[in-house]
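# Summary of the model geometry
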Amino acid sequence: MDKQDGRAAGEPGALRLDDPWYDALASGWGELADTVEATGRRGGTQPPPSVPGQRSVPHDEVYLAVQRSAAFQEVRRRYRRFVLPGTVVFLGWYLAYVIAAIAAPDLMARRVAGALNIAMLAGLGQFVTTFLLTWAYARHARLRRDSAALDIRWETQELTGGNIR
């Protein structure tokens, strides 16, 4: 099977048909084949079908209301409480490593065991702290923000009629 750009399916860069994202469009990206016929213009979409009992509110108003809501502000506050101190600590640790390497090369060259010196331990410590910070961030998100953010998402989806724009 050939792609539209002329490459065969086995060539590098060719699209694989077993790709799970092959048919998935990002929100607002791409065109469905029937949108031109259905709306009479390219890139247009039909308004969502009206569902009894569902409010018809413009998307802009819904998203602005969500942004102003106490639940959204709490999710953002929890995010900032973790990310800002974590960023400051990690950048401080990184800059301390770089400055120590420049300002105190004798200290960094001091051997700890065999060919292993303080600079190598500090450099490996950079990797360890990166992984620890990533783990801590994922844990914090899972325990402190994900459920509240998912509730906000579902509420927004109900108010806007899903992904239909």
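Since we're looking at a predicted model, the values are computed, not measured.

Here is what the cut-offs are and how they apply
- Residues numbered from 1 in each chain as written.
- Predicted model: local features only at pLDDT ≥ 70, side-chain atom pairs only at ≥ 80, totals over all residues.
- Heavy atoms only, no water.
- Helix = DSSP H or I, 4+ residues; strand = E, 2+ residues; numbered from the N terminus.
- Buried < 20%, exposed > 50% of the residue type's maximum accessible area, 1.4 Å probe, protein only.
- Areas by Shrake-Rupley, 256 points an atom, 1.4 Å probe, with all protein chains shown as cover.
- Phe/Tyr/Trp six-rings, centres within 6.5 Å; stacked < 30°, edge-to-face > 60°.
- Core = buried A, V, L, I, M, F, W, Y, C linked by side-chain atoms within 4.5 Å.
- Contact = heavy atoms within 4.5 Å.
- Patch = residues over 30% accessible without salt bridge, like charges linked within 9 Å, V, L, I, M, F, W, Y side chains within 5 Å.
- Salt bridge = Lys/Arg side-chain N within 4 Å of Asp/Glu carboxyl O.
- Expected span 1.5 Å × (residues − 1).
- Bend = angle between axes of the 7 residues up to and from the residue.
- Polar contact = N/O pair within 3.5 Å; in protein donor to acceptor, adjacent residues only side chain to side chain.

## Thoughts on the overall build of the chain
Looking only at helices and strands, one finds five helices and two strands in the chain. Its helices and strands taken in sequence order, the chain reads α-α-α-α-β-β-α from the N to the C terminus. Among the 165 residues that make up the chain, the fraction classed as buried is 15%. Surface summary for the chain: the accessible area is close to 13000 Å², and the carbon and sulfur share equals 61%.

## Quick notes on the packing of aromatic side chains
According to the stated counting rule, one finds one aromatic pair in the structure shown. Ring geometry for Phe-82 against Tyr-137: centres 5.9 Å apart, planes inclined by 50°, an arrangement best described as tilted. Placement of Phe-82 in helix H3 (residues 70–103) and of Tyr-137 in helix H5 (residues 118–160) is noted, with a sequence separation of 55 residues between them. The exposure class assigned to Tyr-137 is partly exposed, which follows from its relative accessible area of 34%.

## Some words on the environment of Thr-130
Following the sequence through the fold, Thr-130 ends up in helix H5. For Thr-130, a relative accessible area of 34% corresponds to the partly exposed category. For the pair formed by Thr-130 and Phe-90, sequence separation is 40 residues and the distance between their alpha carbons is 8.2 Å.

## Some remarks on the nonpolar core
Judged by nonpolar contacts, Val-62, Val-66, Val-75, Ile-152 and Leu-159 together constitute the single largest core of five residues. With sequence-adjacent residues up to four places away left out, Val-75 is seen in contact with Arg-145, Ala-148, Ala-149 and Ile-152.

## Describing a nonpolar patch on the surface
A contiguous nonpolar patch, built from Tyr-94, Leu-95 and Ile-99 and spanning about 300 Å² of accessible area, is present on the exposed surface. With respect to the helices and strands, the residue Leu-95 is situated in helix H3.

## Topic: H3
The end-to-end C-alpha distance of H3, which contains 34 residues, comes to 48 Å, matching closely the 50 Å that a straight helix rising 1.5 Å per residue would cover. All of the buried residues along H3 are Val-75, Phe-82, Val-83 and Gly-86. Where H3 is buried, its residues meet H5.

## So, the environment of Leu-107
Inspection of the secondary structure puts Leu-107 in helix H4 (residues 105–109). Placed ten residues apart in sequence, Leu-107 and Asn-117 show a C-alpha to C-alpha distance of 9.1 Å.

## Comments concerning H5
Within H5, the axis deviates most sharply at Arg-145, by approximately 55°. Turning to H5, its buried residues are Ala-122, Gly-123, Gly-125, Gln-126, His-140, Ala-141, Arg-145, Ile-152, Thr-156, Gln-157, Leu-159 and Thr-160. Those residues of H5 that are buried lie in contact with helix H2 (59–68), H3 and H4. At the N-terminal end of H5, a side-chain oxygen is found 3.2 Å from the backbone nitrogen of Ala-119, two or three residues along, and the residue is Asn-117. Where H5 ends, the next residue or the one after it, Gly-161, has phi of about 85°, a positive value.

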